[in-house]
Amino acid sequence: MGITRFATMSDGNYLAPLNSFRRHEARLRRAQRTMSRKTKFSSNWKKAKARVQRIHSRIGHARRDYLHKATTTISKNHAMVYIENLQVRNMSRSAAGSNDAPGKNVRAKSGLNKAILDQGWFEFRRQLDYKLAWNGGWLIAVPPANTSRTCPVCGYVSAENRQTQARFVCIECGFEENADLVGAINILARGHRVAACGEPVQSDRSVKQEPTEAI
Ligand SMILES: [Zn+2]
């Protein structure tokens, strides 16, 4: 899951960023400003408020539609999906920079935009989970530690492998690839180990039932 690519799959496919908010952002801000200038509870204020709400709901519709199409396609074509077990709280903390990935999208992740993205990630995972379940499949959340700085070819782990947000270059063997794709490949490999060797698994569904059933 990311900013420039909403989600990257281990086969190299990816989902475009959720920019429906950005497209409407300027209009929403204008409408909010207009509303703030009206006398509260006056009829002009009510009109302005209705406009703000209309823009909000249009943004929501576009986002839901996009996520439903994406999760339906994935769940129809895959029986088992591994996803990085990202906590929304961790995402906002890492915006300022962490050891794993120095923050390069602080602005993109801040404020309203960030809240929308967080919601998108949460909703994406929620839809994938129940749609896979409908089709008899599984969504398994995998701990993402080091997946962005491990070389999928030689296994070398270093923060230096990830010199920019977008590009992964292994300083040991020279393997070069899009950083989000590398993360997805590592999540898949870790997911397979979870499934094969019984490494601890985290799935909202399996935790409530018997954890071993997921394996
Ligand atoms: Zn390497």
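Residues numbered from 1 in each chain as written. Predicted model: local features only at pLDDT ≥ 70, side-chain atom pairs only at ≥ 80, totals over all residues. Heavy atoms only, no water.

The name an unreviewed UniProt entry gives the protein is Putative transposase, with Paraburkholderia diazotrophica as the organism.

Let's talk about a positive patch on the surface
Taken together, the side chains of R29, R30, R33, R37, K38, K47, R51, R54 and R58 define a basic patch exposed on the protein surface. Here R58 shows up in helix α2 (residues 43-77). (Patch = residues over 30% accessible without salt bridge, like charges linked within 9 Å, V, L, I, M, F, W, Y side chains within 5 Å. Areas by Shrake-Rupley, 256 points an atom, 1.4 Å probe, with all protein chains shown as cover. Salt bridge = Lys/Arg side-chain N within 4 Å of Asp/Glu carboxyl O. Lys, Arg positive; Asp, Glu negative; His and termini not counted. Charge placed at Lys NZ, Arg CZ, Asp CG, Glu CD. Helix = DSSP H or I, 4+ residues; strand = E, 2+ residues; numbered from the N terminus.)

Notes on the coordination of the zinc ion
In the first shell of the zinc ion, the protein supplies C151 (SG), C154 (SG), C170 (SG) and C173 (SG), at 2.3 Å from the metal. The sequence motif formed by the donor residues of the zinc ion is C-x2-C-x15-C-x2-C. Residue C151 is classed as buried on the basis of its relative accessible area of 2%. (Donors = N, O, S within 2.8 Å, 3.2 Å for Na, K, Ca; no water. Buried < 20%, exposed > 50% of the residue type's maximum accessible area, 1.4 Å probe, protein only.)

Details of the pairing of strand β4 (residues 138-142)
Taken across its five residues, β4 has five buried, putting it largely inside the fold. Bridge analysis of strand β3 (residues 80-84) against β4 gives five bridges, and the strand direction is parallel. For E84, the partnering residue across the bridge sits in β4 and is V142. (Pairing = 2+ DSSP bridges.)

Description of the side chain of S158
For S158, the location among the structural elements is in the loop between β4 and β5 (167-169). Its relative accessible area of 10% is what places S158 among the buried residues. In this structure, S158 is in contact with R149 and I171, ignoring residues within four places of it in sequence. (Contact = heavy atoms within 4.5 Å.)

What to know about the packing of aromatic side chains
Within the structure shown, the criterion is met by five aromatic pairs. Ring geometry for Y130 against W134: centres 4.9 Å apart, planes inclined by 65°, an arrangement best described as edge-to-face. Taken together, the positions of Y130 and W134, both in helix α4 (residues 111-134) and four residues apart, correspond to about one turn of that helix. With relative accessibility at 66%, the residue W134 sits in the exposed group. Sitting over the face of the ring of Y14, R5 holds its NZ or CZ atom 3.7 Å from the ring centroid. (Phe/Tyr/Trp six-rings, centres within 6.5 Å; stacked < 30°, edge-to-face > 60°. Lys NZ or Arg CZ within 6 Å of the ring centre and 35° of its normal.)

A closer look at the nonpolar core
Counting residues in hydrophobic clusters, the biggest one holds 16 residues, and the most contacted among them are F6, L15, V81, I83, F124, L128 and L139. Counting only elements with at least two residues in this core, the list comes to α2, β3, α4 and β4. Considering every element that reaches this core, the biggest residue donor is α4, with four residues. Leave out the neighbours within four places in its chain, and L15 touches R5, F6, A7, M9, Y66, A70 and F124. (Core = buried A, V, L, I, M, F, W, Y, C linked by side-chain atoms within 4.5 Å.)

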